[in-house]
Number of protein chains: 2
Amino acid sequence: MRSSIKRLLIGRPLKSTELGEQKLNILKALAILSSDALSSVAYGTEQILLVLATIGAVAYWYSVPIAVGVLFLLAALIISYRQIIFSYPQGGGAYVVSKENLGVNPGLIAGGSLLVDYILTVAVSVSAGTDAITSAFPVLHQHTVLIASILVVFITVLNLRGITESATILAYPVYLFVVAIFILIGVGVYKILTGDISATVHDPIGTPVMGITLFLLLRAFASGCSALTGVEAISNAIPNFKEPSPNNAAKTLILMGSLLALLFSGITFLAYYYGISPKADETVVSQIAKLTFGRNYLYFFIQGTTALILVLAANTGYSAFPLLAFSLAKDKYMPRMFLIRGDRLGYSNGIVSLGVASILLIIAFHGQTERLIPLYAVGVFIPFTLSQTGMIIKWLREKPAGWVAKLSANLIGALITLTVLIIFFATKFSQVWFVFIFLPLIVLLFHRINRHYEAVGEQLRTYSETPAVPVEGNVIIVPVAGITRVVENSVNYAKSLTDQVLAVYVSFDREDEKRFEEKWEKWQPDVRLVTLQSHYRSILQPLSKFIDTIEHKASESNYRVTVLIPQFIPKKSWHNILHNQSSVLIRAYLIFKKNVIVATLPYHFKK
Amino acid sequence: MRSSIKRLLIGRPLKSTELGEQKLNILKALAILSSDALSSVAYGTEQILLVLATIGAVAYWYSVPIAVGVLFLLAALIISYRQIIFSYPQGGGAYVVSKENLGVNPGLIAGGSLLVDYILTVAVSVSAGTDAITSAFPVLHQHTVLIASILVVFITVLNLRGITESATILAYPVYLFVVAIFILIGVGVYKILTGDISATVHDPIGTPVMGITLFLLLRAFASGCSALTGVEAISNAIPNFKEPSPNNAAKTLILMGSLLALLFSGITFLAYYYGISPKADETVVSQIAKLTFGRNYLYFFIQGTTALILVLAANTGYSAFPLLAFSLAKDKYMPRMFLIRGDRLGYSNGIVSLGVASILLIIAFHGQTERLIPLYAVGVFIPFTLSQTGMIIKWLREKPAGWVAKLSANLIGALITLTVLIIFFATKFSQVWFVFIFLPLIVLLFHRINRHYEAVGEQLRTYSETPAVPVEGNVIIVPVAGITRVVENSVNYAKSLTDQVLAVYVSFDREDEKRFEEKWEKWQPDVRLVTLQSHYRSILQPLSKFIDTIEHKASESNYRVTVLIPQFIPKKSWHNILHNQSSVLIRAYLIFKKNVIVATLPYHFKK
């Protein structure tokens, strides 16, 4: 039953040899890895205008130079991550770069903040998409959390089906969005050129603005930089690319950067030229589309694809999170389960964990995750800065051919991202201070996990200084409850393994004890019977005490103690309630508390 | 932690030898076993008047002859149950009597309806007590279900502490109630004799009544019979009495019958003489008390003790249910767990089951359990009738000295209870038809349970025709995941038990397989290694297939197959998440699906 539901949802299991078919070509990779970055086009310009609006419409022209600054940073990041891709073709991105060049802790900080960031990506983008849906159908408004959770489950299942399948499905909405925005920009520019749009509604660039401050401009710039989240995803996901994966990843990165630059500058230019003010109840993109097309089908096409891309931005998290978790797990900083490929060859534990964590976040914030956006931007710029700095150290140390140019690219990148980060902390401290608490906690957790695995490894190593304890012989203890076929089987089995078989009977009163001893003497005269008195009607307590005694004696002469417990396996599961199954309790207790081997002899009832 | 909470709630465990101290003397037994019957005084008269009120106040005088009829039935029941107590001194009441004399199915019908009845007793009486509380404190009204559930938990815990302890505590309210009603009757009769109460408010007995029908009188009689529920409880609980238990139980029964007769006739007489009409918002007892005392402290004393006895009526169920369940479990009609004495020597599984079932009923009916009262009366009169009929058969078969008198008592009892039962079905069919569905289902369930235990017993018997399979030798399969200290321990242990040790390694690719085989050859050249290819990255599937092959070969030559699985036991429980614990899954699968012994070798991490 469970298994066939699983088959229906995620499809038949794939052989390990089919892994090659699960690799992405450039077009598909672009679709799923760039959705986060490209979706920023829907709100990046608006973020800049929102800050400038505090001064007044006259300040809007500053959006153009600020956008140029963002594009400059984008170029620096693309160049820098291209270098990272070729230097670290096994993937891992900022985590690996920082760990290799700056040390373990910077690596863990980069990795931890990216992991948290991908969870935030999913929660924030799905919540944004849900808002778009509930704005269109207000009756659904009270079910925001439920709808968002269903969307997360849907994306999770899609990703569990495997990366190529999700890429195939998700490519359509992503490219539709790109096409839609290109049409919007194209028609807008055409209308400007033909004079359909009045040039008088905006102030020319360079118009003096009263009250503008550097602080405000920096804040607007930092807000605009939120368009750059998601740029790092490709560097984490290199192993998902078809061979030669670094080259394909680098090409995808360049393509993504170019698309993002074109769309972002187009939208920013139109917003400036149209003289658009940010409004509480209508997005900037919606205003541009309405002015360009009127409320016709093209307008709704823009709006629909925008809502879709917002939801699908989540998918970038699904591509990058499991691979990053894999890198951390491989280095023993995260649980081993993140190393396992699921039925469809994806790292399903990572995919499911991401889904569960985002649903928890959505529930905790009642679907109002906008408050998390500043946290999310900080979570990206910390690894941006760390990875660039790491690359600087690398170039200084290795000094390969043309290292000065490479170093310059990373140096510029590092300086800008660090500046953005400082601006974030300076201007939005009340919203991002939480980072200073949870990042150290995460790094601490990584270290605790690592310490445990190291300790385990040490204990498991065969060449450690203490040699393995030799086994000189065996004692098998068989708790018996009566004279039955099961006891007969157990005793016969134990006798076939060793001569030292001890049957143990727990009796609740003297007469019962005597009666049983007599019966046993007739039935199994060659097996020693030990009877234990239980004053409190507990089987476990006297048995546990007895095992302690035997175990103590046995360990002195390097004997192993095995407790053989019969377990009834009823034919129908409701029958379980008819058997007290004390065997299950006894076994659990012994395994966890004692140093004995516990053997279970199943007795399968035939009816 | 859990254990110390348990100690605090129910006290230190008692030794089995302390059982004698857990027996009841007559005074304590009367308190806990008669609370159900005595509490009927609070509503029995009212039930009669409610039916008569449909004709008018002029019909109220009929309550006197009807009460005489109820007292007559009470006498018949007391005599009859006294005979049952001496004939079946081991307890079990209607179940044992019916089973021995009428056959298994009548016995199961009697037992099943009593079990359900005790659950109803608890739910109905606790709900009635909760109503009394929420009437006094209306703010609590919205928490009815919660308060009722807390009361059930309280009574359950009290009973888990042991029967003497609950009897000691509960004796006070029961005797206070008896004293309170005696004071009420005494003062009332005194006031009538001194002429303080007018004799003109009631019609004299024998006044002709227009429109009265036999059907209506029978219905009033049947309603009055609800005062007799709880009479059978003593016959189920004989084992709880101090020795000589049958004599003590019989004395308690007579005492209870006399008290019930006195209180019931007193209240009925006062109600008639005072000319009281049943009201929706005030009970008959409250009206009598108000007329007798006015609203002074004696009035509140009557009201308070009445509310208490209504809640404590539940306790009768707690005394009788576990013992009846024990009787049924001893005959293999109920799960074996009802045979086990808990820490305080009560049959704690019965006590807890009763508590859980009543809370479920209270939740299902939102605390409005009055609708269950007719069902509850039917549930008592079915075993009443069956047990009397059983006794008739017994006397006819055994014909002991004075059997004619004994038979007459039971014959009269049987005829009356059967009549009452027929009246119930005739007059309240819409409320009690459900009995015809659930009683057959319960009897069916009893039979299914019995059939399972019989089948199990047959399979466990050592002298069955098929001899036990001999054990000629052993094969031990050791799944290995690498070359570690745990594997070394496992292999050493297996080698100490048999020469036939097979190490099994599941590999996910060819190179890994080769590499491991080479390493193994150097490390454990004398242990045969089998490598299995897993195309789908599952360890379980190839292992399961391999075990099937080995098991098939082994069973031909009477060899036993043991699978030895190491299990990591981390020092801290959070560490469990860091280990995939596939061993736990593999073990569960093998135990349930295969015919192999599974031995678990625990590896306790030291840090």
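All chains use their own residue numbering, which begins from 1 and follows the written sequence. All chains are assigned letters beginning with A, and all ligands numbers beginning with 1, in the order in which they are written. In keeping with the predicted nature of the model, local features appear solely for residues at pLDDT of at least 70, side-chain atom pairs appear and are counted solely at 80 or more, and the whole-chain, interface and lining totals rest on all residues. Water and hydrogen atoms were dropped before computing side-chain values, which therefore reflect all heavy atoms in the structure.

Peer 1: Which parts of the structure should I look at to understand the overall build of chain A?
Peer 2: A count of helical and extended segments in chain A gives 22 helices and five strands. With C-alpha atoms as the basis for the radius of gyration, the globule rule is written as 2.2 Å multiplied by the number of residues raised to the power 0.38. Taking 2.2 N^0.38 as the reference for a compact globule, 607 residues should give roughly 25 Å; the C-alpha atoms of chain A span a radius of gyration of 33 Å, well beyond that estimate. On the principal axes, the C-alpha backbone points of chain A span a range of 110 × 60 × 45 Å. The rule is simple: take the accessible area with a 1.4 Å probe, protein chains only, and divide by the maximum for that residue type; under 20% is buried, over 50% is exposed, in between is partly exposed. Within chain A, the fraction of its 607 residues that count as buried is 56%. For accessible areas, the Shrake-Rupley method is used with a probe of radius 1.4 Å. Any residue's cover is judged against the shown protein chains and nothing else. As displayed, chain A offers around 26000 Å² of accessible surface, 64% of which is attributable to carbon and sulfur atoms. Each charge sign in chain A was given a centre, from 50 positive and 35 negative side chains, and these centres are 4 Å apart. Secondary structure elements follow DSSP: runs of H or I no shorter than four residues count as helices, runs of E no shorter than two count as strands, and numbering proceeds from the N terminus. None of His or the chain ends enter the tally, which takes Lys and Arg as positive and Asp and Glu as negative. The atom standing in for a charge is NZ when the residue is Lys, CZ when it is Arg, CG when it is Asp and CD when it is Glu.

Peer 1: Sorry, what's going on with the relation of the copies chain B and chain A here?
Peer 2: Put simply, the second copy of the chain is the first one after a rotation about an axis and a shift along it. Note on the identical chains: chain B maps onto chain A by a rotation of 179° and an axial translation of 0.0 Å, with an RMSD of 0.2 Å. Such a turn and shift between the copies fits a two-fold axis. For chain B, the smallest separation between a C-alpha atom and the rotation axis is recorded for Ala599 of chain B, amounting to 1.9 Å. Comparing interface residues between copies, 100% of those in chain B also lie at the interface in chain A; the contact surface is shared. The atoms used to superpose the copies are C-alpha atoms, taken from residues with pLDDT of at least 70 in both, and the fit is least squares. Any two residues whose heavy atoms approach within 4.5 Å are treated as being in contact.

Peer 1: I would appreciate a short explanation of the pairing of strand E5 (residues 597–604) of chain A in the present structure.
Peer 2: Taking burial as the measure, the eight residues of E5 of chain A include seven buried ones, the bulk of the element. Think of it this way: DSSP has to see at least two bridges between two strands before they count as a pair. Sheet analysis places strand E4 (residues 559–569) of chain A next to E5 of chain A, joined by eight bridges and oriented parallel. Pairing of Pro566 of chain A across the sheet is with Leu601 of chain A, part of E5 of chain A. The parallel pair E4 of chain A and E5 of chain A is bridged by helix H22 (residues 582–593) of chain A, and the resulting crossover is right-handed. Taken together, the three bridges between E5 of chain A and strand E5 (residues 597–604) of chain B define a ladder with antiparallel strand orientation. Bridge pairing in E5 of chain B places Val598 of chain A opposite Thr600 of chain B. Here is how to tell: hold the view so the strands point away, follow the path from the first strand over the helix to the second, and if it runs clockwise the crossover is right-handed.

Peer 1: Mind showing me how you'd approach the confidence of the model for chain A here?
Peer 2: Detailed reading of the predicted coordinates is not advisable wherever pLDDT is low. Summary of the metric used: pLDDT quantifies the predictor's per-residue confidence within the range 0 to 100. Within chain A, residue pLDDT values average 88, and 99% of them lie at 70 or more. For this predicted complex, the interface confidence score (ipTM) comes to 0.82, while the overall pTM stands at 0.81.

Peer 1: Where do I start with the interface of chain B and chain A in this structure?
Peer 2: Of the residues lining the interface, 75 residues belong to chain B; the matching set on chain A comes to 75 residues. Buried area is a sum: the accessible area each of two parts loses on coming together, probed at 1.4 Å, counted once for each and added. Together chain B and chain A conceal approximately 6600 Å² of surface at their shared face, both sides included; 56% is due to carbon and sulfur atoms. Every case where a carboxyl oxygen of Asp or Glu lies within 4 Å of a side-chain nitrogen of Lys or Arg is listed as a salt bridge. Applying the counting criterion to the chain B and chain A interface returns zero salt bridges. Two N or O atoms count as a polar contact when they lie within 3.5 Å, although within protein this holds only if one can serve as hydrogen donor and the other as acceptor, and sequence-adjacent residues are included solely when both atoms are side-chain atoms. If you look at where chain B meets chain A, you find 29 residue pairs in polar contact (both at pLDDT 80 or more). Looking at the side of chain B that touches chain A, the elements with two or more residues in it are helix H18 (435–460), helix H19 (485–497), strand E4 (559–569), helix H22 (582–593) and E5 of chain B. Taken together, the residues of the side of chain B that touches chain A break down into 36 nonpolar, 22 polar and 17 charged. Amino acids are sorted into nonpolar (Ala, Val, Leu, Ile, Met, Phe, Trp, Tyr, Cys and Pro), charged (Asp, Glu, Lys and Arg) and polar (every other residue, Gly among them).

Peer 1: So what exactly am I meant to see when it comes to unusual backbone geometry here?
Peer 2: The general pattern is negative phi for most residues beyond glycine and trans for most peptide bonds. Cis geometry is adopted by the peptide bond preceding Pro244 of chain A, which originates at Glu243 of chain A and carries an omega value of -10°. The residue Pro244 of chain A is located in the loop between helix H10 (233–236) and helix H11 (245–274) in this model. Here Lys332 of chain B, not a glycine, exhibits a phi torsion of approximately 65°, which is positive. Inspection of the secondary structure assignment puts Lys332 of chain B in the loop between helix H13 (297–330) and helix H14 (348–364). On the accessibility criterion, Lys332 of chain B (35% relative accessible area) is partly exposed. A positive phi is found at Lys399 of chain B, a non-glycine position, where the angle reads about 45°. Note that Lys399 of chain B resides in the loop between helix H15 (373–398) and helix H16 (403–427). Residue classification places Lys399 of chain B among the partly exposed positions, given a relative accessible area of 49%.

Peer 1: Please explain the pattern of salt bridges as it appears in this structure.
Peer 2: One side chain can pair with another of opposite charge once the charged atoms of both are near each other. All names here are of chain A. Evaluation of the coordinates by the stated rule reveals 28 salt bridges over all chains. For Asp343, the salt bridge goes to Arg7, with nearest N and O atoms at 2.6 Å. Separated by 336 residues along the polypeptide, Asp343 in the loop between helix H13 (297–330) and helix H14 (348–364) and Arg7 in helix H1 (residues 2–10) bring together distant segments of the chain. Asp526 is the partner of Lys495 in a salt bridge, and the nearest nitrogen-oxygen pair spans 3.4 Å. Remark: Asp526 occurs in the loop between helix H20 (510–523) and strand E3 (528–533) and Lys495 occurs in helix H19 (residues 485–497); sequence separation between them is 31 residues. For Asp526, a relative accessible area of 57% corresponds to the exposed category.

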